[in-house]
Amino acid sequence: MSSGMKLPMKKGFGATDRVDAWWKGPTAMAAYLGIMIAYSTWRGFMEADFWIFSDFGLSAGVGHGNGTMAIENNHSHVLSPLFSPLIIPGENSWVPSQFQWMSPAMFILIFPAGFRGTCYYYRKAYYRAFMQQPTGCAVSKPWDEYSGETGLLLIQNLHRYFMYAALAYLPILSYDVWLSMNFHHGNASALGISVGTLILALNVILLGGYALGCHAFRHLVGGASNDWTSTPMNRFKYKLWKFSTILNEHHKDWALYSLFWVMFADFYVYACTDPMFGWSDVILWGGL
Ligand code: FES
């Protein structure tokens, strides 16, 4: 069996004949993803019954939360997308006792994290940024072997299933936007829009653009089809596929901006609920 022909290349980690700043992209990506992962992990643990935060006086306590998951002091309910749907393990008897210390974020984030972690775009990004596989085109990497997505990486094949879960988040997060517009106090109720509402709405738009432009979604609506016109359903599928294709052309942008905005939306809720920041959610229209 042929072993293939290797092009001559300089040896040594990062060695290359390239003269452009090839390292800037992967380095910036490593910093960006590293900050996003660190922030979401910190927030997930902050609302858990976890001993480190307990020592700082921040322990959520089982089932009660640290009070930074949702803005409630305007008589509406602006829930951080990191904690939606708000399944509090400590308040649900069907959650085994050994998992009740977890925060809602830790309980549900497996789905969005799995969706992003198995995304075709993110795979390229973090294989380069974190694993040096490859370090860059025509750049020498620390190791020679390449075994493809085998072994543990077979989990990447679950992307389609994570995509189904991600699609389910869109109506859930849209419902959160609706909740943020419903103000209640005693018997009084009114509609309103706050800055938090707009932030949650933009979050749904960005996540929608990301999820509906997913390669697996595009295949789901348009794959295995060579007839786009004979029935209303086929014509509808074609329109959906075209729409998904338009989003897919900028999948990288949707992936990166939507990730930032989820974290920003959570930070906004956090900053509006922790007196340390002194922020409040400004009501722009209506409300009580
Ligand atoms: S390929 Fe990126 S979300 Fe599916």
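Please read all numbers here as calculations on a predicted model, not as lab measurements. Per chain, residue numbering runs from 1 following the sequence as it is written. Whole-chain, interface and lining totals are the exception, using all residues; otherwise, since this is a predicted model, local features are given only for residues with pLDDT of at least 70 and side-chain atom pairs are given and counted only at 80 or more. Heavy atoms from the whole structure form the basis of all side-chain values; hydrogens and water molecules are not counted.

Overview of the pattern of salt bridges
Let me state the cut-off plainly: One side-chain nitrogen of Lys or Arg within 4 Å of one carboxyl oxygen of Asp or Glu is enough to make a salt bridge. Helical segments are the DSSP runs of H or I of at least four residues, strand segments are the runs of E of at least two, and each set is numbered from the N terminus. Relative accessibility under 20% of the residue-type maximum defines a buried residue, over 50% an exposed one, and the middle range a partly exposed one, all with a 1.4 Å probe and only protein chains included.
Summed over the entire model, instances satisfying the criterion amount to 4 salt bridges. Linking R43 and D266 is a salt bridge whose minimum nitrogen-to-oxygen distance equals 2.6 Å. Residue R43 is found in helix α1 (residues 24–46), and its partner D266 is found in helix α10 (residues 251–273); the two are separated by 223 residues along the sequence. What makes R43 buried here is its relative accessible area of 0%. In this structure D266 comes out as buried when scored by relative accessible area, which is 0%.

Looking at the environment of Q98
With respect to the helices and strands, the residue Q98 is situated in the loop between β2 (78–79) and α3 (104–108). Between the alpha carbons of Q98 and Y175 there is a distance of 30 Å; along the sequence they are 77 residues apart.

Here's the deal with unusual backbone geometry
Going from S84 to P85, the amide bond is cis rather than trans, its omega being 0°. Note that the residue after Q133, namely P134, is joined by a cis bond; omega there is 5°. Structurally, P134 can be placed in the loop between α5 (120–131) and α6 (159–180). Residues other than glycine seldom take positive phi values, yet Q132 does so here, at roughly 55°. Following the sequence through the fold, Q132 ends up in the loop between α5 and α6. You can call Q132 buried: its relative accessible area is 16%. Although it is not a glycine, A138 adopts a positive phi angle of roughly 60°. Position of A138 among the secondary structure elements: in the loop between α5 and α6.

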